[in-house]
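Results of the structural survey
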Amino acid sequence: MNKKYFPFLLPIRSIVFILVFVVGTLISGKALTDISNWWTIVATVVNVFTIILLVAISKKNNMTYWDLINYRKGSTTAKQIIIISIIVLIVGTGVMYLAGFICYGTIPYAPPMMIAPISKILAIINFFLLPISTAFAEDGLYLGCGVNEIKNKWAGILIPAFFYALQHCFIPTLLDMRYIIYRFLSFLPLTIILCWYYRKKRNPVPIMVGHALIDLATVSMVLATSLVPDFYETMCGM
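In this report, we go over the structure that sits alongside the text. Quick caveat, the model's predicted, so the values are computed rather than measured.

Another point: the overall build of the chain. For the chain, the helix and strand inventory stands at ten helices and zero strands. Taken over C-alpha atoms, the radius of gyration comes to 18 Å for the chain, in line with the 18 Å a tight globule of 238 residues would show. Looking at the chain alone, contacts between residues at least 24 apart form 81% of all its contacts between residues at least 6 apart. On the chain, roughly 11800 Å² of surface is accessible, and the fraction owed to carbon and sulfur atoms is 73%. Measuring between centres, the 18 positive side-chain charges of the chain sit 15 Å from its 9 negative side-chain charges.

Written as structure tokens, this is what we have:
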């Protein structure tokens, strides 16, 4: 694939997530709501698929994955990582609560399926896999194939940010418009900030670290509810 077509890959994760969950209902014979708690496992699998795709298309263009995301060894300071990580955690959490209030009239609001328990073994394994794989997959796609390859400044920020946020509407996939709007609003401000920062600095490392940290917080909740079932009931009752 020629580099000029890289931006056309931006919708791919949204499409794959929808397909995986729809096929999952057909295979399991269960409704989308009944398999939604497996979203973390699905996300990791899709992350691996995305990373393999990014490595393959980079190789086709005589690049490495690191070239794709413009990684430069030694160009990142601890201060940059700390500042962006704090911004990601504050904006990510704060806007999610605001979106929950707008869509559901509740603060704080968290969809129960996002912290629903899964198999203990898978929850432990995914605790380590999800945050790292998500940073490499999502930031590689939306920053490397989006921001880096769309030449117009604002299109290069807003288009990748749009698809960056849109994919979250389908993790998990549910046929509920209010849920879809809630998920989109929860992530759009943060994805715009991240794409703007990357457009300005061309340094993916602070973004990837901050991204991994906020996903670590989420997957920690899934791990906790999987290991201590009563914890899930407590959280749902709050």
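Tallied over the entire structure, the rule returns two salt bridges. Its salt-bridge partner being Glu 149, residue Lys 3 comes within 3.5 Å of it at the nearest N-O pair. Placement of Lys 3 in the segment before helix H1 (12-28) and of Glu 149 in the loop between helix H6 (120-147) and helix H7 (153-166) is noted, with a sequence separation of 146 residues between them. For Glu 149, a relative accessible area of 15% gives the class buried. When the shortest N-O distance is used, the salt bridge between Arg 13 and Glu 138 registers 3.3 Å. Placement of Arg 13 in helix H1 and of Glu 138 in helix H6 is noted, with a sequence separation of 125 residues between them. Judged on exposure class, the residue Arg 13 and its partner Glu 138 are both buried.

This part covers H1. With 17 residues, H1 should cover 24 Å at 1.5 Å per step; its first-to-last C-alpha distance of 24 Å lies within 8% of that length. Among all positions of H1, only Arg 13, Ser 14, Val 16, Phe 17, Phe 21 and Thr 25 are buried. For H1, the angular spread of the buried residues around the axis is 170°, confining them to a single face. Within H1, the exposed residues directed more than 90 degrees away from the buried face are Leu 19, Leu 26 and Ile 27. In the core, the buried residues of H1 are packed alongside helix H2 (32-35), helix H3 (39-60), H6 and H7. Following H1 by one or two positions, Gly 29 has its phi on the positive side, about 75°.

This next bit is on the side chain of Thr 25. Here Thr 25 shows up in helix H1. Classification of Thr 25 as buried rests on a relative accessible area of 15%. Discounting chain neighbours no more than four positions away, the residues touching Thr 25 are Lys 30, Ala 31, Leu 32 and Ile 35.

Here we take up H3. Along its 22 residues, H3 runs 31 Å from first to last C-alpha, staying within 8% of the 32 Å computed at 1.5 Å per residue. Inspection of H3 places Trp 39, Thr 40, Ile 41, Val 42, Ala 43, Thr 44, Val 46, Asn 47, Thr 50, Leu 54, Ile 57 and Ser 58 among the buried residues, and these make up the whole buried set. Tucked inside the fold, the buried residues of H3 contact H1, H2, helix H4 (65-68), H6 and helix H9 (205-227). Of the residues trailing H3, Asn 62 is marked for its positive phi of about 55°.

If you trace the backbone, Met 221 turns up in helix H9. Classification of Met 221 as partly exposed rests on a relative accessible area of 27%. Separated by 107 residues in sequence, Met 221 and Met 114 have C-alpha atoms that sit 8.8 Å apart.

About the thresholds
- Residues numbered from 1 in each chain as written.
- Predicted model: local features only at pLDDT ≥ 70, side-chain atom pairs only at ≥ 80, totals over all residues.
- Heavy atoms only, no water.
- Helix = DSSP H or I, 4+ residues; strand = E, 2+ residues; numbered from the N terminus.
- Rg over C-alpha atoms; globule rule 2.2 N^0.38 Å.
- Contact = heavy atoms within 4.5 Å.
- Areas by Shrake-Rupley, 256 points an atom, 1.4 Å probe, with all protein chains shown as cover.
- Lys, Arg positive; Asp, Glu negative; His and termini not counted.
- Charge placed at Lys NZ, Arg CZ, Asp CG, Glu CD.
- Salt bridge = Lys/Arg side-chain N within 4 Å of Asp/Glu carboxyl O.
- Buried < 20%, exposed > 50% of the residue type's maximum accessible area, 1.4 Å probe, protein only.
- Expected span 1.5 Å × (residues − 1).
- Arc of directions from axis to C-beta.

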